[in-house]
Amino acid sequence: MSTRSPKRLAGLVGAAVLLNLVGCSGDATLPPPELGETATTEAAAAPAQPQCSVADAALDPTRSYEPTEPLPMPGDMPAGSTMRKIQDRGRLIVGVSGDTLQFGARNPITGEIEGFDIDILKEVNAAIFGADPPAIEYRIITYADRLPNLETEQVDLVAHTMTINCNRWLRIAFSSEYYPAGQKVLVRRGSGYTGIDDLALAGARVCVPGGSTNLEFLQTDYPQIEAVERADITDCLVAFQQGQADAITADDTVLVGFAAQDPYAEVVGETFTEEPYGIGINLGQTDLVRFVNSVLDEIRANGRWDAIYATWVGGDPIEPPAAVYGRLPADEGG
C-alpha cells in the first residue's frame, strides 16, 4: 500500500492532469498502458437499461450475497469456481478509472494507477493468489463502459466509484458496500451558486457523465437544469474549464480531486444523494460476489479498510459501511 499523502499528491496530480486536459476537447486520453495494465477494448453497445419494479426499488439495493464461509486459502481456489479460473489464468483483470484523484488515478511520478479503489482490488488479488500475487491487469474504462465490460466478461471486477442501485442489479451483481459517497456540485469561485437548488433556479448548464447515476438524478429530479452530457467525468472538467458548463455534479469523492486540480473551482453545498459504492461483478458469478464479500468483511474487521481510508481520503476517520446481506441468487431485481 502506498503511504504517500493524498494531500501532498494532489498538487502533483493536479498539475499533470491539467497539462493533459487543457489542450483536449471532449476525449481526454491517457499515456500508453504500463506493465500490468491494458487499455480496454471497446465494449459491446449497452442494451436499453431495464427498470426495477416499484416493489423491488423499495428494497435496500446494497443487499448482497452472504460471504463465503470459510474463505478459501490463497492460491487454492475451489475447483470449478470463478476464482479458480482467475487463478489458473494467472492474473485478475479489473476495470478502473485512470483519472479520479484519490480513488483511481495515474501517479505522474511512477506512472502507476493508484487510489482507494485500487487498494481494495489489491486485497482481492492477494486473497486469490497469496502473499506475493501477480500484477493486476488494469483496464481504464469510462463510466458508460463499466456495465458493458462486466456483461461481456472483458473484466472480472469493476471498482470505479460505482453506485449500487436497483436498476444496475438487473444487469450486473455487486459486492456489499465498500465506500459511502454522495453527490455535490463544483462551481466557479465567486459564481454565487451555493448548491444544486441555485443551479436549478437559474436553469444552469451542469455537466454529467453518460451512464452515471448523476445523469439519472438530474433528468428525474431537476429537469429544469440543462444537462451537458460527456463520455466521462474528466471530460466534464474540460467542458467546465472551457465554459461549456456552469457546474459539474458528481460524487463528492470525485469533486474533491477536481477542486485540487483547479484553483478557480470550489465544491459547494451539502451532499444531496447517497451513493453507496460497490464492486461490480458479472451477474452470473455469484461465487465471486460471495468471495469478494468475504474479503471486504475481513478488511473491515482487521483494520485494513481504515488504513486504506487514511492513506487516500484522510481527515477524520469514519466507520466502514456495514455490509447488508440476504440476497438470493434468484432475487436479482433488488
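Just above sits the structure.
By convention here, each chain's residues receive numbers from 1 onward along its written sequence. This being a predicted model, a pLDDT of at least 70 is required before a residue's local features are given, and a value of 80 or more before pairs of side-chain atoms are given or counted; all residues contribute to the totals for chains, interfaces and linings. Water and hydrogen atoms were dropped before computing side-chain values, which therefore reflect all heavy atoms in the structure.

1. Some thoughts on the environment of Gly203
- Note on placement: Gly203 falls in the loop between helix H7 (196-201) and strand S12 (205-209).
- When accessible area is computed with a 1.4 Å probe and restricted to protein chains, residues below 20% of their type maximum are described as buried, those above 50% as exposed, and intermediate ones as partly exposed. Owing to a relative accessible area of 34%, Gly203 belongs among the partly exposed residues under this scheme.
- For Gly203 and Asp246, which are 43 residues apart along the polypeptide, the C-alpha to C-alpha distance reads 10.0 Å.
- Discounting chain neighbours no more than four positions away, the residues touching Gly203 are Gln224 and Glu226. Per the convention used, a helix needs a DSSP run of H or I reaching at least four residues, while a strand needs a run of E reaching at least two, with both numbered from the N terminus. Any two residues whose heavy atoms approach within 4.5 Å at even a single point are treated as in contact.

2. Focus: the side chain of Thr100
- Residue placement: Thr100 occurs in strand S4 (residues 99-100).
- By relative accessible area, which is 2% here, Thr100 ends up buried.
- Here a polar contact is taken to be a pair of N or O atoms separated by no more than 3.5 Å, where protein atoms must pair a possible hydrogen donor with a possible acceptor and residues adjacent in sequence count only if both atoms sit in side chains. In terms of polar contacts, Thr100 uses its side chain to reach the side chain of Ser97, at 2.7 Å.
- Setting aside residues no more than four positions away along its own chain, Thr100 makes contact with Ala105, Thr161 and Val254.

3. Focus on the pattern of salt bridges
- One side-chain nitrogen of Lys or Arg within 4 Å of one carboxyl oxygen of Asp or Glu is enough to make a salt bridge. By the definition in use, this model includes nine salt bridges.
- Here Arg84 makes a salt bridge to Asp88, at a shortest N to O gap of 3.3 Å. With Arg84 and Asp88 both in helix H3 (residues 82-89) and four residues apart, the pair spans about one turn of that helix.
- On the basis of relative accessible area, Asp88 is assigned to the exposed category, the value being 57%.
- Between Arg304 and Glu123 there is a salt bridge; the shortest N-O distance is 2.6 Å. With a gap of 181 residues between them, Arg304 in helix H12 (residues 304-312) and Glu123 in helix H4 (residues 116-129) connect regions that are remote in the sequence.
- The class for Arg304 is partly exposed, based on a relative accessible area of 23%.
- A relative accessible area of 17% means that Glu123 is categorised as buried.
- Within the structure, one salt-bridge network assembled from shared partners comprises Arg91, Glu137 and Arg139.

4. Details of the side chain of Asp156
- For Asp156, the position within the fold is in the loop between helix H5 (146-151) and strand S8 (157-158).
- Exposure remark for Asp156: the relative accessible area of 8% places this residue in the buried category.
- At a separation of 2.6 Å, a polar atom in the side chain of Asp156 contacts the side chain of Arg89.
- When sequence neighbours within four positions are dropped, the list of residues in contact with Asp156 reads Ile86, Arg89, Arg91, Leu92, Ile93, Leu150, Gly280, Ile281, Gln285 and Leu288.

5. A word on the sheet that holds strand S6 (residues 113-114)
- Pairing between strands is defined by DSSP: at least two bridges between the two strands are required. Ordered in space as S4-S5-S6, the three strands form an open sheet in which the pairing is antiparallel. Single-partner strands in this sheet number two, and they are S4 and S6.
- Looking at chain direction, S4 and strand S5 (residues 104-106) are connected through two bridges and run antiparallel. Residue pairing for S5: Thr100 is matched across the bridge by Gly104.

6. Structural notes on the sheet that holds strand S14 (residues 247-251)
- In spatial order, the strands read S13-S12-S14-S11-S15; together these five strands make up an open sheet with mixed pairing. Strands at the two margins of the open sheet, each flanked by one partner only, are strand S13 (226-230) and strand S15 (265-268). Each neighbouring strand pair of the sheet contributes to a mean axis angle of 35 degrees, computed without reference to strand direction.
- Lines fitted to C-alpha atoms define the axes here, with helix axes fitted over just the stretch in contact, and angles between the N-to-C directions of these axes take values from 0 to 180 degrees. Lying on the sheet, helix H8 (residues 213-221) is in contact with strand S11 (183-188), S12, S13 and S14; it crosses S12 at an angle near 140 degrees.
- Contacts from helix H9 (residues 233-241) reach S11, S12, S13, S14 and S15, with the element oriented near 160 degrees to S14.

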